[in-house]
Each structure stands twice: as structure tokens, then as C-alpha cells.
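An overview of the molecular structure
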Amino acid sequence: MLAVTNEVCPEKIKLFEEISLSTRTCVRRTEELGNNLFSQLKDIIPSLDCFSIAIDESTDISDTAQLLIFIRGIDKEFNIYEEFADMCNIKGTTTGEDIFKNIENLFEKLGLSLKKLISITTDGGKNMSGIHKGFVGRIKTKMIDNKFETSMVFHCIIHQEALCCKVLAWKNVMDTVISTINYMVTITTVDDLEGDFPQGGKGATRPRLLTALSPQHAGTFSLAPLHNVRSHHGLPCV
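Attention here is on the structure that accompanies the text.

About the cut-offs
- Once a new chain begins, its residue numbering starts again from 1 and follows that chain's sequence as written.
- Only residues with pLDDT of at least 70 get local features here, since the model is predicted, and only at 80 or more are side-chain atom pairs given and counted; chain-wide, interface and lining totals rely on the full set of residues.
- Side-chain metrics in this entry use all non-hydrogen atoms of the structure; hydrogen atoms and water are not considered.
- In short, DSSP must find at least two bridges between two strands for them to pair.
- Counting from the N terminus, the helices are the DSSP runs of H or I reaching at least four residues and the strands are the DSSP runs of E reaching at least two.
- Every angle, taken between N-to-C directions, lies between 0 and 180 degrees, and every axis is a line fitted to C-alpha atoms, over only the stretch in contact when it is a helix.
- Whether two residues are in contact is decided by their heavy atoms, any of which lying within 4.5 Å being enough.
- Classification of residues uses two cut-offs on accessible area relative to the type maximum, computed with a 1.4 Å probe and protein chains only: under 20% is buried, over 50% is exposed, and between them is partly exposed.
- Working note: the arc is built from the helix axis to C-beta atom directions.
- Each patch groups residues whose relative accessible area exceeds 30% and which form no salt bridge, using 9 Å between like charges and 5 Å between nonpolar side chains of Val, Leu, Ile, Met, Phe, Trp and Tyr.
- Accessible surface is estimated by sampling points in the Shrake-Rupley manner with a 1.4 Å probe; for residues, cover comes only from the protein chains shown.
- Basic side-chain nitrogens of Lys or Arg form a salt bridge, by our definition, when they fall within 4 Å of a carboxyl oxygen of Asp or Glu.
- Aromatic rings from Phe, Tyr and Trp, with only the six-membered ring used for Trp, were paired whenever their centres fell within 6.5 Å, and each pair was classed as stacked if the ring planes differed by under 30 degrees, edge-to-face if by over 60, and tilted otherwise.
- Note on geometry: a ring has a charge over it if NZ (lysine) or CZ (arginine) is within 6 Å of the ring centre and within 35 degrees of the ring normal.
- The term polar contact refers here to a pair of N or O atoms within 3.5 Å; inside protein, the definition further demands a hydrogen-donor-capable atom paired with an acceptor-capable atom, and it admits residues adjacent in sequence only when both atoms are side-chain atoms.

A few words on the sheet that holds strand β1 (residues 48–59). If you walk across this open sheet you meet the 5 strands as β3-β2-β1-β4-β5, and the pairing is mixed. Edge positions in the sheet fall to β3 (80–90) and β5 (152–155), since each of these pairs with one other strand and no more. Strand-to-strand, the axes of this sheet are offset by a mean angle of 20 degrees, without reference to chain direction. Judged from the 4 bridges that link them, β1 and strand β4 (residues 117–122) form a sheet pairing that is parallel. Bridge pairing in β4 places Ala54 opposite Thr121. With respect to the sheet, helix α3 (residues 23–44) is in contact with β1, β2 (65–75) and β3, its orientation differing from that of β3 by roughly 125 degrees. The strands touched by helix α6 (residues 135–145) are β1, β4 and β5; relative to β4, the strand with the most contacts, the crossing angle is about 170 degrees.

What follows deals with helix α7 (residues 157–167). Residues His159, Ala162 and Cys165 constitute the buried set of α7. Within α7, the buried residues cover an arc of 110 degrees as seen down the axis, which keeps them to one side. Looking at α7, the residues exposed on the side facing more than 90 degrees away from the buried face are Ile157 and Val167.

Below, the discussion takes up a nonpolar patch on the surface. Nonpolar side chains collect at one region of the surface, where Val167, Leu168, Trp170, Val173 and Val177 lie side by side and expose about 430 Å² of accessible area between them. As for its placement among the helices and strands, Val167 is situated in helix α7.

Tallied over the full model, the rule gives 2 aromatic pairs. With a centroid separation of 5.7 Å and an interplanar angle of 75 degrees, the aromatic rings of Phe51 and Phe107 are classed as edge-to-face. Of the two residues, Phe51 is situated in strand β1 and Phe107 in helix α4 (residues 96–110); the sequence distance between them amounts to 56 residues. Each ring, one from Phe70 and one from Phe84, has its centre 5.2 Å from the other, and the planes form 50 degrees; the classification is tilted. One end of the pair, Phe70, is in strand β2; the other, Phe84, is in strand β3, with 14 residues separating them in the sequence. Under the relative-accessibility criterion, Phe84 is labelled partly exposed at 44%. Positioned above the aromatic ring of Phe100, the side-chain terminus of Arg138 is 4.3 Å from the ring centre.

On to the environment of Glu97, then. Position of Glu97 relative to the elements: it lies in helix α4. Taking C-alpha positions, Glu97 is 8.3 Å from Asn127, a pair spaced 30 residues apart along the chain. Polar contacts involving the side chain of Glu97 include one to the side chain of Arg138, which spans 2.5 Å.

Here we take up the pairing of β1. Note: β1 against β2, 11 bridges, orientation antiparallel. Within β2, the residue paired with Ser52 across the bridge is Arg72.

Our next topic: the side chain of Asp123. Tracing the backbone shows Asp123 in the loop between β4 and α5 (126–129). Discounting chain neighbours no more than four positions away, the residues touching Asp123 are Ile55, Asp56, Glu57, Met128, His155 and His159.

Let us look at unusual backbone geometry. Residues other than glycine seldom take positive phi values, yet Phe78 does so here, at roughly 65 degrees. Within the fold, Phe78 resides in the loop between β2 and β3. Located in the positive-phi region is Lys147, a residue other than glycine, with phi close to 60 degrees. Looking at the secondary structure, you find Lys147 in the loop between α6 and β5. Given the relative accessible area of 78%, Lys147 is considered exposed.

Okay, here's the thing in C-alpha cells:
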């Protein structure tokens with residue numbers, strides 16, 4: 001931290017030296033920030049006319065299930081709020097009932113009403129989307145019991161794409177795309193396209209020729225080599 005400060009703003013290094021960066025202090029400040037954000041979200045909730053939630057459950061390296069809950073709502077003035085509501089640690093089983101209880105507890109803490117819940121987005125797992133014992137089935141049952149209109153249910157599109165990637169072969173597509181784009185940005189001379197460009201092509205590089213084709217966008221973009229990198233969902237990133 002001090003090494004970075006010395007490079008970025010050396011004149012303020014004394015101020016940073018007075019800041020306590022012990023583990024206990026950092027944990028306490030992080031908790032205070034989290035509590036403040038939760039309090040702000042709680043103040044927003046009463047003004048929402050309706051809201052939706054997106055939830056995802058995964059297991060971390062310590063073999064503890066983490067349930068992430070996001071909320072998106074809108075008020076009468078059409079102001080849209082989208083916030084990370086909570087992260088729940090689930091010990092033991094991760095059944096639809098376990099997930100439902102954690103969501104129910106969060107709703108009680110925030111003062112959310114199922115009556116205003118209009119949509120649910122999940123990862124599509126059986127414990128999430130099961131119509132009887134899954135989370136969706138449990139929450140719909142409670143909404144029906146309270147005579148509320150049931151919410152719409154969506155399968156997260158990123159998870160759908162990840163499932164598609166397991167059966168689709170991308171190599172033939174990505175190899176062509178990468179080869180084409182890298183050819184366009186390679187710094188080489190192009191002498192045989194002189195008559196096709198307003199500024200002439202002799203001795204010009206391919207990036208400059210592309211700029212000549214679209215001069216009005218010359219300062220708004222830049223080209224970089226493309227590599228086939230995969231995201232944590234297994235999707236190709238370009």
C-alpha cells in the first residue's frame with residue numbers, strides 16, 4: 001500500500017502511514033461498509049412498486065455453499081434500483097427448502113413483500129427450478145396460499161450459454177474469427193490496394209487502411225490482436 005502511495009501520490013504518504021491496516025481493522029471497516037449498504041437498501045425497499053430477484057448457488061474452495069441474491073426494483077417515478085442484496089453461507093444440504101428459508105429470512109430483514117415479487121431468475125438447477133420441492137415450487141406455493149399473483153420464472157441466459165458450450169464445437173468458428181481479425185490488425189504493408197482508398201494504399205498499414213475506410217470514426221476506436229480466452233463459464237471471450 002505504501003509503495004503504491006509513494007509512486008502515485010508521494011506528497012500524501014504521511015497520511016497513509018497513519019492509517020491502520022491491520023487485519024482486524026480492515027475486517028471491521030469492511031463490515032461497517034456492508035452494514036451501511038444494507039441499511040441504504042432497506043431504506044429504498046418501501047418505495048418500490050415491484051421487484052425481481054436473481055439467485056445463484058455455488059460451492060467455494062472450503063466446500064461451503066454460497067447463495068448470492070440480487071434484487072432489481074422500480075418505484076413510482078420509474079427509478080430503477082439494482083443491488084446485491086446478500087450472500088448466504090449454507091452449511092450441509094442445499095435443497096430447495098434450504099434456499100427458500102434463506103430467501104425468506106432476507107425478505108423479513110429487508111421488509112420485502114412477496115406480493116410485489118414479479119420475477120425470479122435462477123441457474124436452472126433442480127434445487128432451484130423444481131416445481132414441487134425446488135425453491136421456485138416452494139415460493140410459488142406460498143404465493144398461492146397468500147392469494148398473490150405468482151411471479152414469472154427465468155433461466156439465467158449465461159447458464160444456458162454455458163450448457164450450450166458443452167455440446168457445441170466453437171473451434172471452427174473461433175479459429176476463423178481470430179485469424180481474420182488478427183490479419184486486419186497485423187502491421188504489414190499493403191501495396192496492391194492503392195486505388196481502393198481515398199488516401200492511397202501504398203506503404204500503408206492495415207489499421208490505417210481501415211481508418212481510411214471510415215474516417216468519421218477514426219478517433220473512436222482502436223484495434224488489438226484477438227485471442228481465444230475462455231471465461232469462468234467456459235464461454236469464449238473475444
